[in-house]
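Examination of the molecular architecture
Here is how the chains run, residue by residue.
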Amino acid sequence: MHRAGRAWLLGALAVAVWVASVELDRPWRVLPASASAGEFSAARADATLARLLGPQRPHPLSSEQNAQVRERILAEFAALGVPARTYRAFTCNTWRGFDFIPCATVTDVLAQVLPGSGKAIVMMAHYDSVPAGPGASDDQAGVAAVLEAARALRSHRPGSAPASTLHPVLALLTDGEEAGLLGAHAFLENAQLRAGVGAVVNLEARGTSGPSLLFQTSPADARLIDLYAAHVRVRDTSSLYAEAYRHLPNDTDLTLFIRAGIPAFNFAFTGNVRDYHSPLDRRDNLSAASLQMQGDNLLGVVRGLEHTSYAALAGGDAIYLTVFDRLLLRLPAGWALPLSLAAFLALALAGALAREAPAAAAPTASPATPPPQWRAALLMPVALLAGGLVGGYLLARIAQLLSGMPDPTYAHPSAMRAALALALWAVTLAVCRPLGVRAAAAGAWLWLSGLGVLVAALAPGFSPYFLFPSLPAAALLLSTARAPGSWSGRCGQLALLLAALSALIVWIALAASFEALLGLRPYALFTATTALGLTTLVPLLAARPMTARGARASIVGAASAALAAGVVAGLLPAYSVRSPERVDLIYYETAADARWIADSSWKLGRPEPIPASLLAAGHLHYTILDLPATSFDAAYASPSEPARLPLPQARVTPAAPATSSRDTPQPDTPPRAVTLQLRGSPDTDAMELDIPGAAQLRSIDVGGEHLIAPAGWHGATRLACVSRDCRDETVTLTLAGSVGALPFVEERYGLPSFGAPLAAARPPTAMPSQSGDEVMLAGVARLP
């Protein structure tokens, strides 16, 4: 019983580390409106946010609500005595290639917060929202934080004009970020504006709570991280975030500034991601503590930049991570590989020097513990990782089968979290059985440090999770390898415990952050990261092994409890009023007919089952779709019905091929050009034109922009004009191929009046998101 209790006590230690990671990661500080003038106050910023949001309505690019928010922003700057102006331009952004090209007329807000000489420090946020939600966190909270930071910066010398700094400080509030980073692109297309930027601090959000993460920096970030560490009190960052973000399809306005070679910081809070891009992104759901931390980060970094030469920011890359939002560990990235190799060699030497202590008499009559089984020791981390992944898969499948939903843990994740943790603990208890303490310690730490060498060579930003635990482990295990009793003695056990604690802190915190950002549906992220931390507890379990009977009872008990928790996870409702399913309703019409579509693919990339009330009200059925100028492959759709709305029109005329000195010669047939005049209704919010690969697109001319296809381009292109002036859009296409028609779509946000019964059938446990409910009217441009 004593040894079983010790084993479960080690399991409780892992749980305690998880609780500490979650609780200490949660921001708590909120300064009142009475805080000193030079400090950032979440209460003051929240009051500003209330004025900016007004009735809390969606304010997408080019909408009337968007213009109203912009006027409120200008009024706030005027109240602060900050000169502000607007910058309006039509722009197209090909930052992701030529297959999807967003274009629009955008209106940015520029404000001169502090005077100075040279290039400016830019405080940036975007003020547009998605059509589905009011955007309180994403990104009106960022706008409010910029305004509050501007007030604090200007008030640091009460009673006098703001003092000049080494660098001027500019506020840039962009338009059209949600539509394709268009406001930032328009700003950077202006050579004069672009030349005046020295560094950028951007604010974003992917939720309504949680810590403000420094999740992206410009390359060669060692000096940037030093500045952040010196000027920000509560920190949350990791070089893994930047490493991973480079490989994700997500982008913010800052992406374009980083590509332009400008030193940059990107902050965002990501808790309660269920509220992101939805009607739940409201001010009453926004965490004041998250807003405070976001503002503290902004103000601290800007103050650090004010008197720092931009030349001093140049340097190499760093590897880094924060521990409990306080301690920021960091090293030059160039040190990652040699230090990882040194840690591996030191741990190998410790394993060679250590001696297995004589086994204590077991509580049963079994013979003494057999000598270390090195093959089992070296396979132990693999077995633990594989067992955790298999257990996670089985539990997820059980929950999915019981729930009938692909993500049964979305609204109630606690049961599945417990199931995965118990399954991992059952596997941990199983893999430690045949091992001695020396073999178990060598197997755990040689694997962790060996992976650290590989990661340091291939993805240095990820290396702190291996290197930072391996360094203290190497020192601790090497110093106790020849101690009395080696690692089975009191000193050795303490060394193993401290080494394991360092690994648990970084790996379990990483698992908790993955869950906060992505939920538990990608269970492999939760189980793999936690399993890597748990491998370091195996030597402690092996040092005081349970009897065979006690071990079997503990393993079966943990596995049974995991299974029970997995069943509970499957029986709980997948969605709730506070965590609704995302279902957009779309009225799609062609010249031949019309149909209703319920799109539930946002979260998983494919349709998931929708509420029965919607199925019944719209006579919807799962259908494979092939609709022109849309991205639907499958959705829940109604049978065809008569069309009710007028379709957009297209007039096509031949034109001379447009060329410029930037055009790339193409080794194919001489091109031809056609001009399309697309005409929508007064209610048009966007127009999208599909150009198939067979057309062999060579260039696009729209709104004064001349867009040149990459050499040899034979792919399909979608041109999306997403501001309201696109209702009368003129596009000239230069084509080398032959097609008879080009499909296009007029989009209107919101449903027509005759869609009210279907919208009313959507239960409180479902909601629109992203572009929200909309009308799509499909036309065809017939080419000569």
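From a predicted model like this one, the values you see are computed outputs, not experimental measurements.

What follows is about the overall build of the protein chain. Helix and strand content of the protein chain: 21 helices and 24 strands. Over its C-alpha atoms the protein chain spans a radius of gyration of 29 Å, differing by no more than 12% from the 28 Å that the globule rule assigns to 784 residues. A principal-axis box enclosing the C-alpha atoms of the protein chain has dimensions of 95 × 70 × 60 Å. Considering only residue pairs separated by 6 or more positions, the protein chain has 82% of its internal contacts joining residues 24 or more positions apart.

It is worth spelling out the pattern of salt bridges at this point. The final tally for this structure, using the stated rule, is 18 salt bridges. Between Arg417 and Glu515 there is a salt bridge, with its nearest N and O atoms 2.7 Å apart. Here Arg417, found in helix H13 (residues 414-431), pairs with Glu515, found in helix H16 (residues 490-518); they are 98 residues apart in sequence, far enough to count as distant.

We now examine the pairing of strand S2 (residues 100-114). Most of S2 is tucked away: 13 of the 15 residues are buried. Both strand S1 (residues 84-92) and S2 contribute to a ladder of 9 bridges, which runs antiparallel. For Arg88, the partnering residue across the bridge sits in S2 and is Thr107. Both S2 and strand S20 (residues 717-721) contribute to a ladder of 4 bridges, which runs parallel. Each bridged residue has a counterpart across the sheet, and for Cys103 the counterpart in S20 is Cys721. Judged from the 5 bridges that link them, S2 and strand S4 (residues 169-174) form a sheet pairing that is antiparallel. If you follow Val109 over to S4, its bridge partner there is Leu173.

On to the environment of His126. Checked against the element boundaries, His126 lands in strand S3 (residues 120-126). Measuring from C-alpha to C-alpha, the distance between His126 and Cys726 comes to 21 Å, with 600 residues separating the pair along the chain. At a separation of 3.0 Å, a polar atom in the side chain of His126 contacts the side chain of Asp138.

A word on unusual backbone geometry. With the exception of glycine, the majority of residues adopt a negative phi angle, and the majority of peptide bonds are in the trans configuration. The amide bond that connects Asp138 to the next residue, Asp139, takes the cis arrangement and shows omega of 10°. Relative to the elements of secondary structure, Asp139 occurs in helix H4 (residues 136-154). Phi at Asn272 takes a positive value of approximately 55°, unusual for a residue other than glycine. By secondary structure assignment, the location of Asn272 is in the loop between strand S7 (264-271) and helix H10 (288-306). Judged by its relative accessible area of 27%, Asn272 falls in the partly exposed class. Of note in the backbone geometry, Phe324 takes a positive phi value of approximately 55° without being a glycine. Its location among the elements puts Phe324 in the loop between strand S8 (318-323) and strand S9 (327-332). Of the residues examined, Phe324 reaches a relative accessible area of 26% and is grouped as partly exposed.

Here we come to the packing of aromatic side chains. If you walk through the whole model with that rule in mind, you get 15 aromatic pairs. Pairing Tyr228 with Phe267 gives two aromatic rings, centres 5.9 Å apart and planes at 45°, and the pair type is tilted. Of this pair, Tyr228 sits in helix H7 (residues 222-231) while Phe267 is found in strand S7, placing the two residues 39 residues apart along the sequence. Overall, the relative accessible area of 0% leaves Tyr228 in the buried class. We classify Phe267 as buried; its relative accessible area is 0%.

For H13, which comprises 18 residues, the first-to-last C-alpha distance of 26 Å matches the rise-based estimate of 26 Å (1.5 Å per residue) to within 8%. Here H13 lies mainly inside the structure; 13 of its 18 residues are buried.

Before going further, it helps to spend a moment on a nonpolar patch on the surface. On the surface, Leu402, Leu563, Val567 and Leu571 cluster together into a nonpolar patch covering about 350 Å² of accessible area. Among the structural elements, Leu571 can be located in helix H19 (residues 548-571). Overall, the relative accessible area of 61% leaves Leu571 in the exposed class.

For helix H2 (residues 42-53), which comprises 12 residues, the first-to-last C-alpha distance of 16 Å matches the rise-based estimate of 16 Å (1.5 Å per residue) to within 8%. Here H2 has its buried residues at Ala42, Arg44, Ala45, Thr48, Leu49, Leu52 and Leu53. Buried residues along H2 cover an arc of 165° about the axis, so they all sit on one side. Along its buried surface, H2 packs onto helix H3 (64-80), H4 and H10. Positioned one or two residues after H2, Gly54 has a phi angle of 55°, which is positive.

In total, this model carries 2 disulfides according to the counting rule given. Disulfide pairing places Cys92 opposite Cys103 at an S-S distance of 2.1 Å. The sign of the S-S torsion, about 115°, decides the handedness of the disulfide formed by Cys92 and Cys103: right-handed. Here Cys92, found in strand S1, pairs with Cys103, found in strand S2; they are 11 residues apart in sequence, far enough to count as distant.

All right, on to the sheet that holds strand S18 (residues 697-702) then. Remark on secondary structure: sheet strands pair via backbone hydrogen bonds, oriented parallel or antiparallel. What the 5 strands build is an open sheet, ordered S15-S16-S21-S18-S19; its pairing is antiparallel. Strand pairing shows two members of the sheet lacking a second neighbour, strand S15 (649-655) and strand S19 (705-708), which therefore form its edges. Each strand of the sheet is rotated relative to its neighbour by a mean of 20°, with strand direction disregarded. In terms of strand pairing, S15 meets strand S16 (residues 672-679) through 7 bridges, oriented antiparallel. In the strand pairing of S16, Gln649 is matched with Arg679.

The next point concerns the confidence of the model for the protein chain. Within the protein chain, residue pLDDT values average 92, and 94% of them lie at 70 or more. The low-confidence segment residues 157-161 (pLDDT under 50) makes 1 contact with residues lying over four places distant or belonging to another chain. In this model, residues 359-370 is a region of pLDDT below 50 whose contacts with residues beyond four sequence positions or in other chains number 6 contacts.

With that settled, consider the nonpolar core. Where a protein is soluble and globular, its nonpolar side chains tend to be buried together. Grouped together as the largest cluster of nonpolar side chains are 65 residues, with contacts concentrated most on Trp445, Leu477, Trp487, Trp507, Leu534 and Leu537. Setting aside residues up to four positions removed in sequence, Trp487 forms contacts with Ala350, Gly351, Ala354, Val437, Arg438, Ala441, Leu477, Thr480, Ala481, Gly492, Gln493 and Leu496. In this structure, Tyr127, Ala150, Ala171 and Ala318 belong to the second largest nonpolar core, which totals 58 residues.

With respect to the helices, strands and loops of the structure, Arg644 is situated in the loop between strand S14 (634-637) and S15. Between the C-alpha atom of Arg644 and that of Ala50, which follows or precedes it by 594 residues, the distance is 40 Å. Not counting the four nearest positions on each side in its chain, Arg644 is found in contact with Tyr587, Glu589 and Phe754.

Relative to the helices and strands, Thr322 resides in strand S8. There is a polar contact of 3.1 Å between the side chain of Thr322 and the backbone nitrogen of Thr237.

Turning our attention to the packing of helix H11 (residues 336-353) against helix H15 (residues 464-480). One can describe the packing of H11 onto H15 by two numbers: an axis separation of 9 Å at closest approach and a directional angle of 30°. Helix-helix and strand crossings are classified by hand; for H11 and H15 the assignment is left-handed. Listed contacts from H15 to Ala336, Leu339, Ser340, Ala343, Ala346, Leu347, Leu349, Ala350 and Leu353 of H11 are Leu467, Ser470, Leu471, Ala473, Ala474, Leu477 and Leu478. Classifying every residue of the contact of H11 with H15 gives 14 nonpolar, 2 polar and no charged.

Turning to the side chain of Asn93, a few remarks are in order. Within the fold, Asn93 resides in the loop between S1 and S2. You can call Asn93 buried: its relative accessible area is 2%. At a separation of 3.0 Å, a polar atom in the side chain of Asn93 contacts the main-chain carbonyl oxygen of Gly180. Discounting chain neighbours no more than four positions away, the residues touching Asn93 are Phe100, Ile101, Pro102, Gly180, Leu181, Leu182, His185 and Leu256.

What counts, and at which threshold
Residues numbered from 1 in each chain as written. Predicted model: local features only at pLDDT ≥ 70, side-chain atom pairs only at ≥ 80, totals over all residues. Heavy atoms only, no water. Helix = DSSP H or I, 4+ residues; strand = E, 2+ residues; numbered from the N terminus. Rg over C-alpha atoms; globule rule 2.2 N^0.38 Å. Contact = heavy atoms within 4.5 Å. Salt bridge = Lys/Arg side-chain N within 4 Å of Asp/Glu carboxyl O. Buried < 20%, exposed > 50% of the residue type's maximum accessible area, 1.4 Å probe, protein only. Pairing = 2+ DSSP bridges. Polar contact = N/O pair within 3.5 Å; in protein donor to acceptor, adjacent residues only side chain to side chain. Phe/Tyr/Trp six-rings, centres within 6.5 Å; stacked < 30°, edge-to-face > 60°. Expected span 1.5 Å × (residues − 1). Patch = residues over 30% accessible without salt bridge, like charges linked within 9 Å, V, L, I, M, F, W, Y side chains within 5 Å. Areas by Shrake-Rupley, 256 points an atom, 1.4 Å probe, with all protein chains shown as cover. Arc of directions from axis to C-beta. Disulfide = S-S within 2.5 Å. Axes fitted to C-alpha atoms, helices over the stretch in contact; angles between N-to-C directions. pLDDT = per-residue confidence, 0-100. Core = buried A, V, L, I, M, F, W, Y, C linked by side-chain atoms within 4.5 Å. Left-handed = near helix turned anticlockwise from the far one by under 90°. Nonpolar A, V, L, I, M, F, W, Y, C, P; charged D, E, K, R; others polar.

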